[in-house]
Amino acid sequence: MAAEVDPGNVTYPFAGLNEWELAKWLGTTGLPNTQIDAFLKLSWVKSSPPSFKTSADLVNRIESLPSVPVWTGKWITLPEAPLDPQLLLYRNPVECLEWLEANPDFSGDKDYVPYEEYLNKDHTDHCYSEMASGEFWNDTQAKFPEDITINPYLLTTDSTHLTNFSGDKKVKPLLLASGHMRKKIRAKPSSHAWLPSGMLPEGKFPKLEFKSPAEAKLLPGILARRLYHLCMRHILQPLILYATIPKEMVDSEGLLGGSNTCKSQSGSDILSAIHSIRRKFPDAETWKFAMEAKNIGLNGVEEPWWIDFPETDICKAIPDLEDFQSGQGFIILLVYQSHTDSTLLQLLKYNTTFHQNKNIFIKTGACKGKKGTINHFNIPKLHTRWHYPEFIQCFGATDNFSTETPERYHIEYAKKAYKGVSKRDYAEQMVRWLDRQEKIKYFDRYLTWRLGPSIQEPIQNDEVCSPDEQALLDQVPLPITVYEAKLAKKPKYAKQNIRNIGEKSMISYETLVSALKEYEAKLDLGTHVSGPGWHMTRTDQLPEYYNWLDIWTLIRITLPILDDIHDQIEKRILRAVLPTESNPGVFDVVFIDTNPESTAMQIGIQDFQGYQVGQLRLIFRPAQLDKTKSNPHSKHLAYVEWFHLNPIDQDTNMLSVKKIYDDKGNRKGGIIEVEDIVQPCPLSPKFGQKAVNLDPIGIQITGENCIENVETFWINSFHTKSTYQTVF
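Remember, predicted model here, so these are calculated numbers, not experimental data.

Asker: Help me understand the overall build of the chain in this model?
Answerer: On a plain count of helices and strands, the chain comes out with 22 helices and 27 strands. Taken over 728 residues, the chain has a buried fraction of 47%. The contacts of the chain with a sequence gap of at least 6 include a subset with a gap of at least 24, amounting to 68%. For the chain, the exposed surface amounts to about 38,000 Å²; the carbon and sulfur share of it is 53%.

What follows is the structure, given as structure tokens:
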């Protein structure tokens, strides 16, 4: 029996806020109904029982909460497989877009009007970032009155496995997002900016009979593709009307406006080719039609889903960037969060260089596929390289249409849903489970708004961290100022005697004391100079506060941002993990700013003026033995071992570094302030024409030990986008 209707009870159908919090917990933790029933029968629960007595009662109340876009089902049967009907589960995409538009969580993070962005006053260097800055939205918007805005929705779908190591259960969620939302919102899985609007059937045909082994091998795949397009046409049918007629929608601020769900130009070339096959073979069955289509590079689908959208140019559908691995520099440049005319020109130059030299892959036999060596470059994704500048000009930077974020939703919308239901008729149960989760989420948001900030959803952490990293993250306020390093509040090793540190840190006591004396001499003279070439007379006595040190093993830094308008803040963990009996230790290599007092704008590590490369060996600070007194040295310090920077290699346009040793054969090092660390310095061993073989002396080079056992390294400019931007 539901709680009594009370005009003052905003938590109805639950008796109050406490009961709602219990219902929310039971509904979102993934407990099966049998365990929920067992929980409700506990004597402790019965001493103060909720108004719902069973799991079924709880489910019914959750399903009676204010509605979200409703799921419906339809059986789809292909004429070629009449004995194998397929269940399609879907929601009205127009209602899904209305729901996204009205969601107050996205207020202030939308663009309703297109714009053009330039980096200079002369308007000659165009900048492309958000979808609203692309030419497509600007050109299409010009076709409509000023009181109408278009809604360039995004669709993505991919199969995901539901079972591991047993069975072959899959689902194919269809996700929908609004182009009005800015990409930083769509990129956060916790924002739920991508809404599931369909569960496409797997496309299995167990009762299908075949006329030949070739049909048995290829026809199921052809029918699966036809089924996909048929299902997509059915799901997207409601959008056809609003491609030309405005649809009024309430926005996140509660205002009413007109919107058109419009897309790009035309795919008439593909449709013409399909129609020409049908005219040539008017009575051809599916198998014959598919084979003729294959001869001209088509997949055998006669009625693609986008045939109903005459304004759609399917040739501008963008391939998955994660699967596109040809040319590391090209890939890194491609994923910039904003582009200008100059970066688009650089993309074209990369393409030209690649095509001028690509035959070397055929000559060396390196161009291989599943069936062996490939002697041609008729590969769709290689051809697509030429079109990415055009895509960016039309739709903004590539992170607007990256599949990386939607794939993260497979966990939320597929794997978690599957775990929360029984395994019989799981697809129908999954969409009911998703419906309940959405109702819980948005009803809780309503209560948060209605009752104030006392109800808050837990902050979702999209990162997977080790306990040490999590302890560090817990101390980091967001956002972080660029170049500011953060450490955990408590050290990993507290109050360590400086004489005993050498055994753990691989630094001798004499070396560490000498470096500290040199650092103190710099402070005495008011200088902040450091680096492998710096020398100064050391102080005679080391201050007593260095006798006991607190030691950290992790630092979190914010990477340099070159474009503070469009680039998102990125952080990295830097390590100086001391070795143990079971762990050899990890000591990262970093770029260090040796002239932090400079008032010049810091834009990356251009020309390496004022920058050095060093390997972290020890992160520490003088321990505060007497808490009644202030710490005489509050800054975190690090002992680093230096590398020498070599000139740029003319063939590769890359820099290399080499370890530096003193006259006794020990690596040279020094003390720096942690705040002077700029970013990680990724290194790759430099072997020359022949790899160095260290096996005769009992050492096998691996990724874990190469920094310690190799002398010369390349600075890997292509390691990350940040390294490419600031180093290459």
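Asker: What's the story with the sheet that holds strand β12 (residues 339-340) in this structure? I'm lost.
Answerer: What links the strands of a sheet is backbone hydrogen bonding, and the strands pair in either a parallel or an antiparallel sense. Taken in spatial order, the three strands line up as β3-β4-β12 in an open sheet, and their pairing is antiparallel. The outermost strands of the open sheet, each flanked by one partner alone, are β3 (117-118) and β12. Direction of pairing for β3 relative to strand β4 (residues 126-128): antiparallel, over a ladder of two bridges. Each bridged residue has a counterpart across the sheet, and for Tyr118 the counterpart in β4 is His126.

Asker: Any chance you could explain the sheet that holds strand β19 (residues 586-587) here in plain terms?
Answerer: Spatially, the three strands line up as an open sheet ordered β17-β18-β19, and their pairing is antiparallel. Lying at the two open borders of the sheet, with one neighbouring strand each, are β17 (554-558) and β19. In the sheet, β17 pairs with strand β18 (residues 571-577) via five bridges, with the strands oriented antiparallel. Within the sheet, the bridge partner assigned to Ile557 lies in β18 and is Arg572.

Asker: What is the right way to read the packing of helix α12 (residues 341-357) against helix α15 (residues 388-395) from this model?
Answerer: A pair of packed helices can be characterised by two numbers: the angle between their axes and the separation between those axes. Where α12 contacts α15, the two axes come as close as 9 Å, and the packing angle between them is 160°. Put simply, α12 runs roughly antiparallel to α15. Judged by residue contacts, Leu344, Leu347 and Leu348 of α12 engage Pro389, Ile392 and Gln393 from α15. Partitioning the contact of α12 with α15 into residue classes produces five nonpolar, one polar and no charged.

Asker: Is there a simple way to think about the pattern of salt bridges in this case?
Answerer: When charged atoms on two side chains of opposite charge get close, those side chains can pair. Evaluated as defined, the whole model comprises 26 salt bridges. Here Lys204 ties to Glu202 by a salt bridge, and the two come within 3.6 Å at their closest N and O atoms. For Glu202, a relative accessible area of 34% puts it in the partly exposed group. Salt-bridge contacts for Lys211 lead to Glu285; the nearest nitrogen and oxygen are separated by 3.3 Å. Remark: Glu285 occurs in the loop between α9 (268-280) and α10 (286-295) and Lys211 occurs in the loop between β9 (195-200) and α8 (213-241); sequence separation between them is 74 residues.

Asker: I'm lost on the packing of aromatic side chains in this one. Help?
Answerer: Here a ring pair, both rings aromatic, is described through the centre-centre distance and the interplanar angle of the planes. Taken as a whole and assessed by the stated rule, the structure comprises 14 aromatic pairs. Ring centres of Phe14 and Trp20 lie 5.5 Å apart, and the angle between their planes is 55°; this geometry places the pair in the tilted category. Among the residues examined, Trp20 registers a relative accessible area of 0% and is labelled buried. Consider the rings of Phe354 and Phe361, whose centres lie 6.4 Å apart with planes at 40°: the pair is tilted. Taking the relative accessible area as the measure of exposure, Phe361 reaches 38% and is therefore partly exposed. The rings of Phe14, Trp20, Phe52, Phe443, Tyr446 and Trp449 are connected pair by pair, giving a single aromatic cluster.

Asker: I tried to follow the pairing of strand β23 (residues 656-659) on my own but got confused; where do I start?
Answerer: Regular strands place their side chains on alternate faces of the sheet. Relative to β23, strand β22 (residues 637-645) runs antiparallel, the two sharing three bridges. Within the sheet, the bridge partner assigned to Leu645 lies in β23 and is Val657. In this structure, β23 lies alongside strand β27 (residues 712-715), joined through three bridges in antiparallel fashion. In the strand pairing of β27, Val657 is matched with Phe713.

Asker: Teacher, can you tell me more about a positive patch on the surface here?
Answerer: On the surface, Lys489, Lys490, Lys495 and Lys627 cluster together into a patch of positive charge. Note on placement: Lys490 falls in the loop between α18 (467-473) and β15 (493-497). Lys490 sits in the exposed class, given a relative accessible area of 70%.

Asker: Even after reading the chapter, I still don't get the nonpolar core, so can you show me in this structure?
Answerer: When a protein is soluble and globular, its nonpolar side chains tend to lie buried together. Core analysis: the biggest nonpolar cluster contains 45 residues, and Met199 and Met430 have the highest contact counts within it. Those elements giving two or more residues to this core turn out to be α6 (135-141), β8 (170-177), α11 (328-334), α12, α15, α16 (404-419) and α17 (426-451). Residues contacting Met430, with those up to four places away along its chain left out, are Leu162, Val171, Met199, Tyr413, Ala414, Ala417, Tyr418 and Val421. In this structure, Leu512, Leu549, Ile555 and Ile677 belong to the second largest nonpolar core, which totals 39 residues.

Asker: Where do I start with the pairing of strand β24 (residues 669-673) in this structure?
Answerer: Burial runs high along β24: four of the five residues are buried. Pairing of β22 with β24, which is carried by five bridges, proceeds in the antiparallel orientation. By the bridge assignment for β24, Glu641 is matched with Gly669.

Asker: Got a minute to help me understand the confidence of the model for the chain in this structure?
Answerer: Of the residues in the chain, 81% reach a pLDDT of 70 or more, and the chain-wide mean stands at 79. Predicted confidence in the chain is weakest over α18, with a mean pLDDT of 48, and strongest over strand β2 (residues 86-91), with 93. Note on residues 261-266: pLDDT is under 50 here. Beyond four places in sequence and across chains, it has 31 contacts. Contacts for the low-pLDDT stretch residues 471-482, under 50 throughout, to residues beyond four places or in other chains number 29 contacts.

Asker: I'm lost on α10 in this one. Help?
Answerer: Think of an α-helix as 3.6 residues a turn; residues three or four steps apart then line up on the same face. Within the sequence span of α10, burial applies to Thr286, Trp287, Phe289, Ala290, Glu292 and Ala293. Looking at the buried side of α10, the elements it contacts are α8 and α9. Positive phi shows up at Gly297, right after α10, with a value of about 85°.

Asker: Is there a simple way to explain the environment of Trp137 in this structure?
Answerer: Among the structural elements, Trp137 can be located in helix α6. Between the C-alpha atom of Trp137 and that of Pro152, which follows or precedes it by 15 residues, the distance is 7.8 Å. Among all residues touching Trp137, those that are not within four sequence positions of it are Asp111, Tyr112, Pro114, Met131, Ala132, Thr149, Ile150, Pro152, Gly179, His180 and Cys394.

Cut-offs and rules
Residues numbered from 1 in each chain as written. Predicted model: local features only at pLDDT ≥ 70, side-chain atom pairs only at ≥ 80, totals over all residues. Heavy atoms only, no water. Helix = DSSP H or I, 4+ residues; strand = E, 2+ residues; numbered from the N terminus. Buried < 20%, exposed > 50% of the residue type's maximum accessible area, 1.4 Å probe, protein only. Contact = heavy atoms within 4.5 Å. Areas by Shrake-Rupley, 256 points an atom, 1.4 Å probe, with all protein chains shown as cover. Pairing = 2+ DSSP bridges. Axes fitted to C-alpha atoms, helices over the stretch in contact; angles between N-to-C directions. Parallel < 35°, antiparallel > 145°, perpendicular 65-115°, else oblique. Nonpolar A, V, L, I, M, F, W, Y, C, P; charged D, E, K, R; others polar. Salt bridge = Lys/Arg side-chain N within 4 Å of Asp/Glu carboxyl O. Phe/Tyr/Trp six-rings, centres within 6.5 Å; stacked < 30°, edge-to-face > 60°. Patch = residues over 30% accessible without salt bridge, like charges linked within 9 Å, V, L, I, M, F, W, Y side chains within 5 Å. Lys, Arg positive; Asp, Glu negative; His and termini not counted. Charge placed at Lys NZ, Arg CZ, Asp CG, Glu CD. Core = buried A, V, L, I, M, F, W, Y, C linked by side-chain atoms within 4.5 Å. pLDDT = per-residue confidence, 0-100.

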